[in-house]
Amino acid sequence: MFDFLKIFGGKSESSSEQAHKRLKFVLIHDRANVSPEVMEHIKNDIIKVISHYMEIDQKAMEISLENDQDAVALVANIPVNRMRPVAGHRR
Amino acid sequence: MSEVIVITSGKGGVGKTTTTANLGVGLASRGKKVVLIDTDTGLRNLDLLLGLERRIVYTLVDVVQKRVNYGQALVRHKKYTNLFLLPTSQVADKTAIEPAQMLELVEAMKSEFDYILIDCPAGIEQGYETAVIGADWAIVVTNPEISAVRDADKIIGKLQAANKKIKLVVNRIRPQMVKDGTMLDMTAIDDILSLECIGQVPDDDKVVDSANRGVPVVESKDSAAGEAYRDIVGRVCGEDIPFKPLEVETFWQRLKHVFGR
């Protein structure tokens, strides 16, 4: 019955769920003490390195800090358009 | 064996002083010898919540500056005769007490009391350092609001860096809002802060009512917050008390609430 209603009501997230998610995100950044500027530098450096080997979708690329069982992990989601065969064998 | 507990929060107005007063009365009514130290110099309120504001002669500032010894500054509660308050000054500021002076005082008091509860000021400056330095462990009080939880995490980081054990109290929960999905509940806050939670206190008009009278709510039998505080007192004493489910007001109770006055 509940699921039935959900289908018609659309999937809406309650404000307490939103608070939960937003806090998890912001606390990781608070604790890691990484400024948005530093994150931007990290992102640009990753792009530089990876671009030697593959062509990536820079606009769709995301990097973020996430909590992984009490440790902070840097998670990068980098869509690859195609490999660069020449650059890959350069070294 | 004396236990020194600091009650802290980061954000102001979440119920640190209320928690301190209720814990103090609760522990004292179990026969423990308890002293409550107010370190919120310049903005003292613990005296008011305990109904002791008219009996203060000397303060914490007089004690650490060695003008009097701590015994002269202690105010004994009339009803709970093994409960004492060491008030702070309302005119001095937080810089009047150095952390080292506080540590020396707490060490000296340990032989006399079962529990030393320290009410910490809001913020993360010197007042915080002074309050925390002598504590064995900390109770972090928070509200189910994003700003209070974030500030709590900041304090938790500082306490962990100082190797203090921490337990959490979530204050002012509104069961109906939790049920409706519009307020964080204890489990969510537990997940966010990953701490052991020793209490969830429902938002209760009786807390304000009892503060008006200077009689902590922990002693009133018909108060949901009072019951939650009694459970917290038990958990502080090391008892394994299961959490009761939050009680949502029925339709009739809510109606009574609205038209009650």
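Think of each chain on its own: its residues are numbered from 1, step by step along the sequence as written. Each chain is given a letter, starting from A, and each ligand a number, starting from 1, according to the order in which they appear as written. Restriction of local features to residues with pLDDT of at least 70 applies here, the model being predicted, together with a cutoff of 80 or more for giving and counting side-chain atom pairs; totals for whole chains, interfaces and linings are based on all residues.

S.K.: It is not clear to me how the overall build of chain B should be interpreted in this structure. Could you clarify?
M.R.: Check the secondary structure of chain B and you find 12 helices and eight strands. Relative to a compact globule of 261 residues, whose C-alpha radius of gyration would be 18 Å, chain B shows 18 Å and is just as compact. Residue burial is a threshold on neighbouring C-beta atoms within 10 Å of the residue's own C-beta, all placed from the backbone, with 20 or more meaning buried, 12 or fewer meaning exposed, and counts in between meaning partly exposed. Within chain B, the proportion of its 261 residues that are buried is 46%. Numbering of helices and strands starts at the N terminus; helices are DSSP runs of H or I of at least 4 residues and strands are runs of E of at least 2. For a compact globule the rule gives 2.2 Å times the number of residues to the power 0.38, and the radius of gyration it is set against comes from C-alpha atoms.

S.K.: Mind showing me how you'd approach the sheet that holds strand β7 (residues 165–173) of chain B here?
M.R.: Residues and elements named next belong to chain B. Strand pairing requires that DSSP identify at least two bridges connecting the strands. One open sheet holds the eight strands; their spatial order is β3-β4-β2-β5-β1-β6-β7-β8, and the pairing between them is mixed. Whereas interior strands pair on both sides, the edge strands pair on one side only; in this sheet they are β3 (75–76) and β8 (196–202). Relative to β8, β7 runs parallel, the two being bridged by six bridges. In the strand pairing of β8, Val169 is matched with Gly199. Residues are treated as contacting if the C-beta atoms built from their backbones sit within 7 Å of each other. Angles run from 0 to 180 degrees between N-to-C directions of axes, and those axes are lines fitted to C-alpha atoms, restricted for helices to the stretch in contact. Helix-sheet contacts for helix α11 (residues 224–236) involve β7 and β8, and the interaxial angle to β8 is about 160°.

S.K.: I keep staring at the nonpolar core and nothing clicks. Help me out?
M.R.: In a soluble, globular protein the nonpolar side chains are often hidden away together inside. Residue and element names in this part refer to chain B. Think of a nonpolar core as buried Ala, Val, Leu, Ile, Met, Phe, Trp, Tyr and Cys residues chained together by C-beta atoms that fall within 7 Å. Among the nonpolar cores identified, the biggest contains 78 residues, and Val6, Val34, Ile116, Leu117, Ile118 and Val132 are the most heavily contacted of them. Among the elements that take part in this core, α11 stands out by supplying seven residues, more than any other. Sequence-distant contacts of Ile118, that is, excluding residues within four places in its chain, are made with Val4, Val6, Ile7, Ile37, Thr39, Ala131 and Ala135.

S.K.: Would you take a moment to explain the packing of helix α1 (residues 16–29) of chain B against α11 of chain B for this structure?
M.R.: In a packed pair of helices, the relevant descriptors are the angle between the two axes and the axis-to-axis distance. Residue and element names in this part refer to chain B. Between α1 and α11, the least distance of the axes is 9 Å, while the angle of their chain directions is 65°. Taken as axis vectors, α1 and α11 run roughly perpendicular relative to one another. The two elements α1 and α11 cross, and the hand of that crossing is right-handed. Across the interface between the two elements, Asn22, Leu23, Gly26 and Leu27 from α1 touch Tyr229, Arg230, Ile232, Val233 and Val236 from α11. Oblique is the label for any angle not under 35 degrees, not over 145, and not in the 65 to 115 range, which are roughly parallel, roughly antiparallel and roughly perpendicular in turn. Left-handed describes a crossing in which the near helix is turned anticlockwise from the far one by less than a right angle; the clockwise case is right-handed.

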